[in-house]
Amino acid sequence: MRLANRVVPFLLLAAAAMFVRAPFMIEAAPIESTMGVIQKIFYFHVPSAAASFLGAFVCGIASAIYLWRRSRTADHLAVSGAELAVVFGLIVLVTGPLWARKAWGVWWQWDVRLTMTLVMWMIFVAYLLLRRFGGPGSEVLSAAVGVFGMALVPFIYVSVNYWRTIHPNTNVVRSLPPEMSEPFRWAMIAFMLLFAALLIVRTRLEAGRAALEEAYVSLED
Amino acid sequence: MRVLRAAWLIARKDLVVEARSRELAYTTLFFAVSCVLVFAFAFVREGRAIEDAAAGILWVTLAFSGTLALGRAFERERQADTLRALLLAPTERAAVYLGKLLGLLVLMLAVEAIIVPIVGLLFAAPIGRAPLLLGALVVTGTIGFAAVGTMFAAMLVRAHSRDVLLPMLLYPIAVPVIIAGVRGTAAIFAQEPNLEAAQAWLSMLVFFDAVFVTLALWTFGPVMSE
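Residues numbered from 1 in each chain as written. Chains lettered and ligands numbered in written order. Predicted model: local features only at pLDDT ≥ 70, side-chain atom pairs only at ≥ 80, totals over all residues.

J.: I tried to follow the overall build of chain B on my own but got confused; where do I start?
T.: Across its full length, chain B holds eight helices and two strands. Taken over the C-alpha trace, chain B has a radius of gyration of 18 Å; the compact-globule value for 226 residues is 17 Å, and the two agree within 12%. In terms of overall dimensions, chain B has a C-alpha envelope of 55 × 30 × 30 Å along the principal axes. The burial tally for chain B puts 47% of its 226 residues in the buried class. (Helix = DSSP H or I, 4+ residues; strand = E, 2+ residues; numbered from the N terminus. Rg over C-alpha atoms; globule rule 2.2 N^0.38 Å. Buried ≥ 20, exposed ≤ 12 C-beta atoms within 10 Å, placed from the backbone.)

Put into structure tokens, the structure is as follows:
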């Protein structure tokens, strides 16, 4: 944890530097022939989705570890993962419709991928609500929610490639021309760095909050 | 085998309690019927339900009344302070979960056995078109819903504001089950029924059931240990 804390400033700096350069790279990337300029939202939409799924995954794994090992750090990590899944998921759910309005002509489609992403996002919102309002002992309960939430993530991934869907599938990334894939990879790395930095900071904050709460409780006794 | 026997004993205990008071059966059934009536006012035009409405109404009613039954089933244990005794029983936690699930399933299926014909009657839904397939969809859908529901209802027994939290946690996680149930049923009820699609949704439901029951069996022990 010590080491992780020390890395945070560097992660944040690197992410900030990359985010400063990203718009220039995206601006320089060619305009997609059918979708036009709105396609450029993809450079932020896809990395946010990746970060959101990663958050869900971190939350699920950490929740499972907390359930069986009762490791406090795992619990703090799970909260951070869930919160990041919700925050990045919100970016996905905002940028997605902006793109869809131009590409599909509607803001929202009840397509498998979109629905599953929304459902996953709602599960992690429920996770956070449970932690907030569940009262004492809600860490264990929310850990179970985290495990169930993570179990849905593979369904979402598979849903794009196997079920009939109008959402572009994940092969799009591999078929990108180099002028487009370079800013895409750049944005992806920037988002991942930001994700890692936020995850560490939020975990530390949660550990501090838990320690403070414990101190309060022992003071009252 | 021992686990299954213990589960059966717990389920039988619940069913005996229920058979004596009939509280859950009556309230759940009445609530389900009133749900159907509300939908009838919203979705019936000139005596006929709008397309696909019947399937949706059926599943929303099942989900709502199921939530009611789930909440009450564990409220009963809490009021009598018997949950701790149940957890202290010299058997595995999995048996407690399975027993509770079994008891709830019997209750929910009994209510559904009445609700499905009512929906068929009020919305002119062709429930006799593929009765086995429809039955299988309803049963597997109920198993999936109750598998998640039993798990969350049990763990919320000691939480604050559990009445609000149960549907809030249950619906998003049960959504895959509801989607599969609604789409499968709609495929049977449609003007041109597509039984193959209904079968595909049924196999998906079986798959979800397996995933949910396995996950719940896994997590129930650590969640309920205190």
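J.: Can you help me understand the overall build of chain A in this one?
T.: A tally of helices and strands in chain A yields seven helices and zero strands. When the elements of chain A are put in sequence order from the N terminus, they spell out α-α-α-α-α-α-α. In terms of overall dimensions, chain A has C-alpha extents of about 70 × 40 × 25 Å along its principal axes. Every one of the 221 residues in chain A was classed for burial, and the buried ones make up 40%. Here the analysis covers contacts within chain A between residues at least 6 apart in sequence; of these, 77% occur between residues at least 24 apart. (Contact = placed C-beta atoms within 7 Å.)

J.: Quick question: what am I supposed to make of the packing of helix α4 (residues 112–133) of chain A against helix α7 (residues 162–189) of chain B here?
T.: Between two packed helices, both the angle of their axes relative to each other and the distance between the axes serve to describe the pair. Here α4(A) crosses α7(B) at 155°, and the two axes come no closer than 9 Å. Between α4(A) and α7(B), the angle is such that the two are roughly antiparallel. Considering only the axes of α4(A) and α7(B), their crossing is left-handed. From α4(A), V119(A), M122(A), I123(A), A126(A), L129(A) and L130(A) reach across to α7(B), where they touch L165(B), M168(B), L169(B), P172(B), I173(B) and V175(B). Of the residues belonging to the contact of α4(A) with α7(B), the class tally is twelve nonpolar, no polar and no charged. (Axes fitted to C-alpha atoms, helices over the stretch in contact; angles between N-to-C directions. Parallel < 35°, antiparallel > 145°, perpendicular 65-115°, else oblique. Left-handed = near helix turned anticlockwise from the far one by under 90°. Nonpolar A, V, L, I, M, F, W, Y, C, P; charged D, E, K, R; others polar.)

J.: Got a minute to help me understand the environment of R76(B) in this structure?
T.: Tracing the chain through its elements places R76(B) in helix α3 (residues 53–79). Residues R76(B) and M168(B), spaced 92 residues apart in sequence, show a C-alpha to C-alpha distance of 21 Å.

Read these as spatial facts, not as claims about activity.
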